[in-house]
Amino acid sequence: MRLATWNVNSIRTRVDRVTAWLQRRDVDVLALQETKCRDDQFPEERFREIGYEVAHVGYSQWNGVAVLSRIGLDDVEVGFPGMPTWAAKEGAEPAAEARALGATCGGVRVWSLYVPNGRQLGDPHYDYKLEWLAALRTVAGGWLTADPAAQVALVGDWNIAPQDEDVWDMSVFSHSTHVSGPERDAFRAVVDAGYADVVRPLAPGPGVFTYWDYTQLRFPRREGMRIDFVLGTPALAGRVTNALIDREERKGKGASDHAPVVVELADQEV
C-alpha cells in the first residue's frame, strides 16, 4: 500500500498535476489539504476516471481536506470528536472548519489534517491552534487506548516544525509561529500518545523540507520548512518499508508550495 499526503494549495488549479502524479507514483491513497473549494466545486470526476473514490469536505475558498483511495473508502467522518470551532469574523458564530477528514482505506484509518496556522504569537488563532492540537491528541490517544492494535495514520500539514533542523534558519523564525515551544510540545504530545513520525527515519535531515514559500526564491535557495508529516500508530509504523518527500513535484510552473510526502506499507509488520 502506498499512502501519500499533499497540501495541494487549490485542487482546481492543480488537478492536472495531481492526477498525473497519482498515476506516475502509483499511489493507492492520497490525503489532500487546502483544497480551497466547496464540495460541489471539487473535481471529483477527474479522479473517478482514473480509479479513485473521493471524500471531501470544504465550505468555502479556504481550507478543505480530502481523501482519495483506489483500495476502498469507508466510514467517512468529517471532523474528529471534540474538534474546536472558530469564528472567521468578529461577531460571527464559531463553527467547525474543514480541517479534518477520516476514512478507512484498505484497513487503515487515514485522517487528512490541516492544522490551523496560528498566524502569529499571541493571536487568538494561535490559541485556537493549540486547542485544536490538544483535542486531536486526546481523541487520537483514546483510539489507541481502545484498540492498541489499531492502524491509524494522522497525515497532513501540521504547520509545525518540530525540530530546529526543520527550518532553513532558526534565527529567521525565532519569534514566529511553527517553532514555538507550545506548538512543538503539542506535536510531541501526539507522538507521546503513540503516533510515530514514520518518515523522518527514512528521510532524515537536516535540509529536508516539505514546504517552500513562493517569495524570495525560497525553493531554489533551499530555504524551506518541514511541516508535513505522517504519524502512525505502532501497528502501522511496523509496516513501513520506505518513505520519501517528492521534492521534484515542487518544481515547475503551477506547483504547490508543498511537496507530497509518500509512505510505503508492507502487507503486514516487517
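The numbering scheme is per chain: residues are counted from 1 as the chain's sequence reads. Side-chain atom pairs in this predicted model are given and counted only at pLDDT of 80 or more, local residue features only at pLDDT of at least 70, and totals for whole chains, interfaces and linings cover all residues. Side-chain measures were taken over the full set of non-hydrogen atoms in the model, leaving aside hydrogen atoms and water.

**Student:** Mind showing me how you'd approach helix 3 (residues 124-146) here?
**Tutor:** In an α-helix, one full turn covers 3.6 residues, which means residues spaced three or four apart are oriented alike. With 23 residues, helix 3 extends 33 Å from end C-alpha to end C-alpha; this agrees with the ideal 33 Å at 1.5 Å per step. With a 1.4 Å probe rolled over the protein chains alone, any residue whose accessible area is under 20% of its type maximum counts as buried; one over 50% counts as exposed, and the rest are partly exposed. Each helix corresponds to a stretch of at least 4 residues labelled H or I by DSSP, and each strand to a stretch of at least 2 residues labelled E; elements are numbered beginning at the N terminus. Restricting attention to buried positions, one finds in helix 3 the residues His 125, Tyr 126, Tyr 128, Lys 129, Trp 132, Leu 133, Ala 135, Leu 136, Val 139, Ala 140, Gly 141 and Leu 144. Contact between two residues is taken to exist if any of their heavy atoms lie within 4.5 Å; hydrogens are not considered. As for helix 3, its buried residues are in contact with strand 6 (100-105), strand 7 (108-114), strand 8 (152-157), helix 5 (181-192) and helix 6 (234-237). Between the side-chain oxygen of the N-cap and the backbone nitrogen of His 125 there are 2.7 Å, and the N-cap of helix 3 in question is Asp 123. Expected helix span is taken as 1.5 Å per residue step, with the number of steps being one fewer than the number of residues. Two N or O atoms count as a polar contact when they lie within 3.5 Å, although within protein this holds only if one can serve as hydrogen donor and the other as acceptor, and sequence-adjacent residues are included solely when both atoms are side-chain atoms.

**Student:** Help me understand the sheet that holds strand 1 (residues 2-7), please; the structure alone is not making it clear to me.
**Tutor:** Hydrogen bonds between backbone groups are what pair the strands of a sheet, and the pairing can be parallel or antiparallel. Sheet architecture is open: six strands sit in the order 3-4-2-1-12-11, paired in mixed fashion. Every other strand in the sheet has two partners, leaving strand 3 (53-57) and strand 11 (240-245) as the edge strands with one partner each. Pairs of neighbouring strands in the sheet enclose a mean axial angle of 10 degrees, with direction left out of account. Two strands pair under a simple rule: DSSP has to find at least two bridges between them. For strand 1 and strand 12 (residues 261-265), the ladder comprises four bridges, and the chain directions are antiparallel. Bridge assignment links Thr 5 to a residue of strand 12, and that residue is Val 261. Note on definitions: angles span 0 to 180 degrees between N-to-C directions of axes, and those axes are lines fitted to C-alpha atoms, for helices only across the stretch in contact.

**Student:** I would appreciate a short explanation of the packing of helix 3 against helix 5 in the present structure.
**Tutor:** Two quantities define a packed helix pair, namely the angle between the axes and the distance from one axis to the other. Closest axis-to-axis distance for the helix 3/helix 5 pair is 9 Å, and the angle between their directions is 15 degrees. If you check the angle between helix 3 and helix 5, you find them roughly parallel. Two packed elements cross with a definite hand, and for helix 3 against helix 5 that hand is left-handed. On helix 5, the residues that touch Tyr 126, Lys 129, Leu 130, Leu 133 and Arg 137 of helix 3 are Pro 182, Glu 183, Ala 186, Ala 189 and Val 190. The nonpolar class holds Ala, Val, Leu, Ile, Met, Phe, Trp, Tyr, Cys and Pro. Asp, Glu, Lys and Arg form the charged class, and all remaining residues, Gly among them, are polar. Of the residues that constitute the contact of helix 3 with helix 5, the class distribution is seven nonpolar, no polar and three charged. Our angle categories are set so that under 35 degrees counts as roughly parallel, over 145 as roughly antiparallel, 65 to 115 as roughly perpendicular, and the remainder as oblique. Two helices cross in a left-handed way if the nearer one is turned anticlockwise from the farther one by less than a right angle. They cross in a right-handed way if the turn is clockwise.

**Student:** I tried to follow the pairing of strand 4 (residues 65-69) on my own but got confused; where do I start?
**Tutor:** Put simply, side chains in a regular strand alternate between the two faces of the sheet. Taken across its five residues, strand 4 has five buried, putting it largely inside the fold. Relative to strand 4, strand 2 (residues 29-33) runs antiparallel, the two sharing five bridges. Among the inter-strand pairings, Leu 30 is bridged to a residue of strand 4, identified as Leu 68. Examined bridge by bridge, strand 3 and strand 4 share five bridges and lie antiparallel to one another. By the bridge assignment, Ala 55 is partnered in strand 4 with Val 67.

**Student:** When you look at the environment of Asp 246 in this model, what are you seeing that I'm missing?
**Tutor:** Along the chain, the position of Asp 246 falls in the loop between strand 11 and strand 12. Linking Asp 246 and Gln 41, residues 205 residues apart in sequence, is a C-alpha distance of 27 Å.

**Student:** Hey, could you run me through the UniProt feature "site: Interaction with DNA substrate" (unreviewed entry) in the chain in this one?
**Tutor:** In the numbering used here, UniProt assigns the feature "site: Interaction with DNA substrate" (unreviewed entry) to His 258. Ignoring anything within four residues of it in the chain, the contact list for His 258 reads Trp 6, Asn 7, Asp 157, Thr 210, Tyr 211, Ile 227, Asp 228 and Arg 250. UniProt positions are given in the numbering used here, feature names are shortened, and annotations may be inferred rather than shown by experiment.

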